[in-house]
Amino acid sequence: SLYSGTKALGEEILDGAENCFVWRLRIPFNSNSSSRNYLRKLLNYEYLLEAENSISHLNEFVEKSLACFSKEAEPGIYNMTNQGSILTSQVTTWIKEEGVSDKQFSFFQDETDFMDRAAKAHRSNCVLDTEKAKKAGVGMRPVEEVVRQSLRQMKQEVTT
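A brief structural summary. (Residues numbered from 1 in each chain as written. Predicted model: local features only at pLDDT ≥ 70, side-chain atom pairs only at ≥ 80, totals over all residues. Heavy atoms only, no water.)

### Topic: the overall build of the protein
- Along its length, the protein carries 7 helices and 10 strands.
- Overall size of the protein, expressed as C-alpha extent along the three principal axes, is 50 × 40 × 25 Å.
- Looking at the protein as a whole, 36% of its 160 residues are labelled buried.
- By sequence separation, contacts in the protein at least 24 residues apart represent 82% of the contacts at least 6 residues apart. (Helix = DSSP H or I, 4+ residues; strand = E, 2+ residues; numbered from the N terminus. Buried < 20%, exposed > 50% of the residue type's maximum accessible area, 1.4 Å probe, protein only. Contact = heavy atoms within 4.5 Å.)

And the structure:
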């Protein structure tokens, strides 16, 4: 896709640059009601694709990326995603368990069904290695912890 291509080109252009950081995020989320928020998308889509991915809590991504400067981390490429990975069905289970929604989530049968019925472009699903960020002291919290916290905040925002 154009999006993936521009990200790759940007990293290629910056390759070898001195004192340069590239902070990679993946599928941003938090408790905000933005239509770009992964958790909100899951609540709004009629059908979901089961996939395993790394994801990034947006606020923590910014905080930890900026911490690279204050901690004087070695410049370079950092995968700034929450530790671990998730399946789409895990998140929908947590949505129900945290009381955000009792929606009955529907899933595409497989990738082919998704491509035939909904996709405009192929999706890339991936799990990024976060060891470098962790070793630099800027690692992010475990994915389940921060997703559940965001869901609790979403629920609180709806009830207040």
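Now that the structure has been shown, we can carry on.
### Topic: the packing of aromatic side chains
- On inspection of all chains with the given rule, the structure shows 6 aromatic pairs.
- Each ring, one from Y47 and one from F108, has its centre 5.5 Å from the other, and the planes form 40°; the classification is tilted. With Y47 in strand 3 (residues 47-48) and F108 in the loop between strand 9 (106-107) and helix 5 (111-117), this residue pair connects regions lying 61 residues apart in the sequence.
- Under the relative-accessibility criterion, Y47 is labelled partly exposed at 33%.
- The buried category is assigned to F108, whose relative accessible area is 10%.
- Three or more aromatic residues joined by ring pairs make a cluster, and in this case those are F21, W23, F69 and Y78.
- Directly above the ring of Y47 sits R117, whose terminal nitrogen or CZ lies 4.4 Å from the centroid.
- For the cation-ring pair, K132 lies above Y78, with the distance from its terminal atom to the ring centre recorded as 4.7 Å. (Phe/Tyr/Trp six-rings, centres within 6.5 Å; stacked < 30°, edge-to-face > 60°. Lys NZ or Arg CZ within 6 Å of the ring centre and 35° of its normal.)

### Here we look at unusual backbone geometry
- Notably, N19 is not glycine yet its phi reads approximately 50°, a positive angle.
- With respect to the helices and strands, the residue N19 is situated in the loop between helix 1 (2-14) and strand 1 (21-24).
- We classify N19 as exposed; its relative accessible area is 67%.
- Even without being a glycine, E72 presents a positive backbone phi close to 50°.
- Structurally, the position occupied by E72 is in the loop between helix 3 (58-70) and strand 6 (76-79).
- Take E72: its relative accessible area is 71%, and that puts it in the exposed class.

### Some points on the layout of surface pockets
- Considered as a void within the structure, the largest pocket measures approximately 1,500 Å³ in volume.
- Around the largest pocket, the lining is made up of 41 residues, and of these R26, I27, K41, R123 and S124 lie nearest the centre.
- Counting residues per element, the ones that place at least two in the lining of the largest pocket are helix 1, strand 2 (28-29), helix 2 (38-44) and strand 3.
- Per element, the largest residue contribution to the lining of the largest pocket is 5 residues, and it comes from helix 1.
- Class assignment for the residues of the lining of the largest pocket results in 21 nonpolar, 11 polar and 9 charged. (1 Å grid on protein atoms, 1.4 Å probe; cavity = no way out; pocket = protein on both sides within 12 Å on 5 of 7 lines; lining within 4 Å. Points joined across faces, edges and corners; volume = space filled by probe spheres on them. Nonpolar A, V, L, I, M, F, W, Y, C, P; charged D, E, K, R; others polar.)

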